[in-house]
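# Fold and geometry: a report
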Amino acid sequence: MATVRNPLAGFAITIFGALALAFLAGIPILFLPQAELVYFYLPFALFGVGMLSGRSGFLGTLGFVGGTLGGFVGIYVFQTLFVPQGWPIWPAGLAILLDFAFGAMCGAGGLVMGRIGLRRIDRMADHGMKMRRCLRCGAKVGIAARKCWSCRAYLPPTG
């Protein structure tokens, strides 16, 4: 059975995954025959990057924010290293806005996959192990638990 991890760990994995993949997704634009194709290729590629990195988290908002942050930093670093003069046919002073727009496309992909992941968690909860409640504090505990995780009270055995 799949395990559910901490949402903040998924958020960090989403950020770093989007950062690395957004940087790598920018490499093919160095070989495009026309510089204007950047504006056609990069949003679609970054949407896919966001979808791939958004799978690590199961909340849509964390997938969006993580994808946006990672995509923005990845594209900004790529643009700083490989396209220091700025994006083609775009004012150099406004390059940061275009970097943010590319990061937002990456975040949109993370939002889509985060929403799909939330349905997966609901399905796991429906088909997974059933829970029972502690008689002392009312916290939900696993079916095979011997002690409550919250109040440390011993639980009656299940038959």
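The notes below deal with the structure included here. (Residues numbered from 1 in each chain as written. Predicted model: local features only at pLDDT ≥ 70, side-chain atom pairs only at ≥ 80, totals over all residues. Heavy atoms only, no water.)

### Brief notes about the packing of aromatic side chains
- In total, this model carries seven aromatic pairs according to the counting rule given.
- Look at Phe-23 and Phe-78: their rings are 5.8 Å apart centre to centre, the planes differ by 80 degrees, and that puts the pair in the edge-to-face class. Note that Phe-23 is positioned in helix H1 (residues 7-26) and Phe-78 in helix H3 (residues 60-82), a separation of 55 residues in sequence.
- Look at Phe-78 and Phe-82: their rings are 5.1 Å apart centre to centre, the planes differ by 45 degrees, and that puts the pair in the tilted class. Taken as a pair, Phe-78 and Phe-82 lie in helix H3 at a separation of four residues, close to a single helical turn.
- The partly exposed category is assigned to Phe-82, whose relative accessible area is 39%. (Phe/Tyr/Trp six-rings, centres within 6.5 Å; stacked < 30°, edge-to-face > 60°. Helix = DSSP H or I, 4+ residues; strand = E, 2+ residues; numbered from the N terminus. Buried < 20%, exposed > 50% of the residue type's maximum accessible area, 1.4 Å probe, protein only.)

### Let's talk about the side chain of Thr-68
- Within the secondary structure layout, Thr-68 lies in helix H3.
- On the accessibility criterion, Thr-68 (11% relative accessible area) is buried.
- Beyond its immediate stretch of four places on either side in the chain, Thr-68 contacts Phe-100, Gly-103, Ala-104 and Gly-107. (Contact = heavy atoms within 4.5 Å.)

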